[in-house]
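Structural characterization, general
Here is how the chains run, residue by residue.
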Amino acid sequence: MRVLVAEDVEDLATAIAAGLRREGMAVDVVLDGTSALEHLAVTGYDVVVLDRDLPGTHGDEICRRLTARGSSSRVLMLTAASTVRDRVEGLGLGADDYLPKPFDFAELVARIRALGRRSAPSLPPVLEGGDVSLDPSRRVAFRAGRRLELSPKEFGLLEYLLAAGDRVVSAEELLERVWDEAADPFTTAVKQTMRRLRVKLGDPPVIRTVREGGYQIGPL
Amino acid sequence: MRHSRVAATALRLPRRTLRAQLALLYAALFGLAVAVVAAFGVIFKPDFLVRAGCTADPRTPSPPGACGQSGLSFAGTITHDVQQHLAGVALIAVLAVLALGLGWLIAGRVLRPLRTITASARDISAGNLDQRLAISGPDDEFRQLGDTLDGLFGRLEASFGAQRHFVANASHELRTPLTAEKTVLQVALADPDATAATLRSACEKALEWNERQGRLVDALLTLASSERGIERWEPFDLAGIARNVIREQQPDAGRRALRIDAALAAAPTAGDPALAESLIANLVGNAIRHNQDGGHVAITTAVTDGRSAITVSNSGPLIPPDEVDRLFQPFQRLGSERLRAASGHGLGLAIVSTIADVHAAALTASARPEGGLDVTVRFPPQEPPPS
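Residues numbered from 1 in each chain as written. Chains lettered and ligands numbered in written order. Predicted model: local features only at pLDDT ≥ 70, side-chain atom pairs only at ≥ 80, totals over all residues.

1. Some thoughts on the interface of chain A and chain B
Contact with chain A, which involves 19 residues of that partner, is made by 20 residues of chain B. Its residues placed into classes, the side of chain A that touches chain B shows 11 nonpolar, 1 polar and 7 charged. (Contact = placed C-beta atoms within 7 Å. Nonpolar A, V, L, I, M, F, W, Y, C, P; charged D, E, K, R; others polar.)

Below, the structure is given as structure tokens:
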């Protein structure tokens, strides 16, 4: 899942990003509203964690523009203003969820996951494909009842492939959705991670390589 | 005794509406006018003086012949007079009722703008403070009342707005450090690969934010106590206080390699020495914090034109001249500044402004063309004013 964290307090933004990355999400951080808009114009994020009081372009304005554009990014608004009126106002601007500060980090993760699930088409809480099952919120994956020990990136790859169903997913798409902007576009990271994931999944293979660099889940 | 109390109660009891009072007043005035006219009519009746001659005052009897002349027809005249008087009284009663009714109508008409003002004012005070009465028409008493109320609503709205703004800002400034602290700690603790080093760095970060919160709470309390005003006026010297403040803040300046130039001539004045120290400490602290490495701070105390004054100037980032006033509002920062654990709490200059206010001291501030700020506080020249 690709997440943009737009928060002007740097310590908070970096802590959130570190925590979310550990949950297997691909996270980019911006510290002001203007760079948030730039990032949103280039990358299709699944979820935007948006501080309402952003310098540069205000969080409300970003939310309004995203809604006007019909963006598929889900917006989770963070704010220190927590009266009912503020929450209603925030949701009225097109935010999909609203979390008042200070929040519990576990709740933030759960809400981001819930929002990611809602991206079209909506996904079940536990993803399944063949004899592989994966629970994003508990961060566990099983093959035929055997628990798989996966790194965050391997987990992210498997999660994305399972969510895609029988659709063929390109390596570029995987790089964009599972890695953050720090990833080099010419890297072989996808290939290498895919190889390690296949080893961990074991036989018989469940991930098919389609010609011209695509991947698909399902028996060979 | 009892009688007078009953009378007093009777006078106080009929607390009617203004309209009823005006109507009654009209009727009473009308009644009075009629009574006066009637009295004149009776007094100037041709035979009144003649009859008065024999009946008016028994102590000065008139000559015997004077009464005897009209004595024969006296009984008939009385009957005629009674009839006439009865008709007159009935007429007066009818007219009085009519006057009361007319008075009621007229009072209602005259007071209609007042009712409109009351209804609108009630509506505005119920929660639409952004609306105004905006009474139009001639510059009469109602217009003046409306304009006065509009002025009052304007000040109330500004005051409530400032209050709301302050609370919103304060909640942001208080909750943000809490959030940063909590998230930093939770993320560090939830890390399965946490090492002593990562946990230590998370704790240090949380402590920084915690110290920031402490400074903010102190500043909020200082602001609240300085808004309360001065309870006890004492004489003090700005130079002495400035010297202490500079000694305390010298290490902060040293860390940023700032040069502090102090020209402290005796500048005696009066007020609350603790608040004055807070004023100077915030001025100097602000000058040190919003400075550039290797910059300078100049602090001058002096008496000019009989007024003791302190001036603090500092180098620093360029401030647009029209932003200067805003910096003295609570929680206002320059546009480029970001909230950090080490950054100021945003109340320093607001505290300076409030303390200057309660001392009736004049505060002037101007942006320096080469960057930085000049702030001067001039204390009033006289002996301590009565509190």
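2. Digging into helix H1 (residues 10-22) of chain A
Compared with an ideal rise of 1.5 Å per residue, which puts 13 residues at 18 Å, H1 of chain A spans 18 Å between its outermost C-alpha atoms and is within 8% of the ideal. Those residues of H1 of chain A lying buried are Asp11, Leu12, Ala13, Ala15, Ile16, Ala17, Gly19 and Leu20 of chain A. Tucked into the core, H1 of chain A has its buried residues touching strand S1 (2-6), strand S2 (26-30), strand S3 (47-51) and helix H5 (105-118) of chain A together with helix H6 (141-189) and helix H7 (196-227) of chain B. Within two residues after H1 of chain A, Gly24 of chain A carries a phi angle of roughly 85°, on the positive side. (Helix = DSSP H or I, 4+ residues; strand = E, 2+ residues; numbered from the N terminus. Expected span 1.5 Å × (residues − 1). Buried ≥ 20, exposed ≤ 12 C-beta atoms within 10 Å, placed from the backbone.)

3. Details of the sheet that holds strand S2 (residues 259-264) of chain B
Residue and element names in this part refer to chain B. The strand order across the open sheet built from 5 strands is S2-S4-S5-S7-S6, with neighbouring strands paired in mixed fashion. A single partner strand is all that each edge strand has here, and the edge strands are S2 and strand S6 (362-367). For this sheet the average axis-to-axis angle between neighbouring strands, irrespective of direction, equals 10°. With 6 bridges connecting them, S2 and strand S4 (residues 296-304) associate as parallel partners. Within S4, the residue paired with Ala262 across the bridge is Ile299. Strands S2, S4 and strand S5 (307-314) of the sheet are contacted by helix H8 (residues 238-255), whose axis makes an angle of about 170° with S2. (Pairing = 2+ DSSP bridges. Axes fitted to C-alpha atoms, helices over the stretch in contact; angles between N-to-C directions.)

4. Overview of the pairing of strand S7 (residues 373-378) of chain B
All names here are of chain B. Both S5 and S7 contribute to a ladder of 6 bridges, which runs antiparallel. What sits directly across from Ile310, in S7, is Val377. Pairing between S6 and S7: 6 bridges, direction antiparallel. Across the sheet, Ser366 pairs through a bridge with Asp374, a residue of S7.

5. Description of the nonpolar core
Residues Val3, Leu4, Val5, Val48, Val49, Leu50 and Leu76 of chain A are the most contacted members of the largest nonpolar core, which totals 70 residues. Ranked by residues supplied to this core, first place goes to helix H6 (residues 152-163) of chain A with 7 residues. Of all hydrophobic cores here, the second largest spans 39 residues; its members include Ala219, Leu238, Ile310 and Ile351 of chain B. (Core = buried A, V, L, I, M, F, W, Y, C linked by C-beta atoms within 7 Å.)

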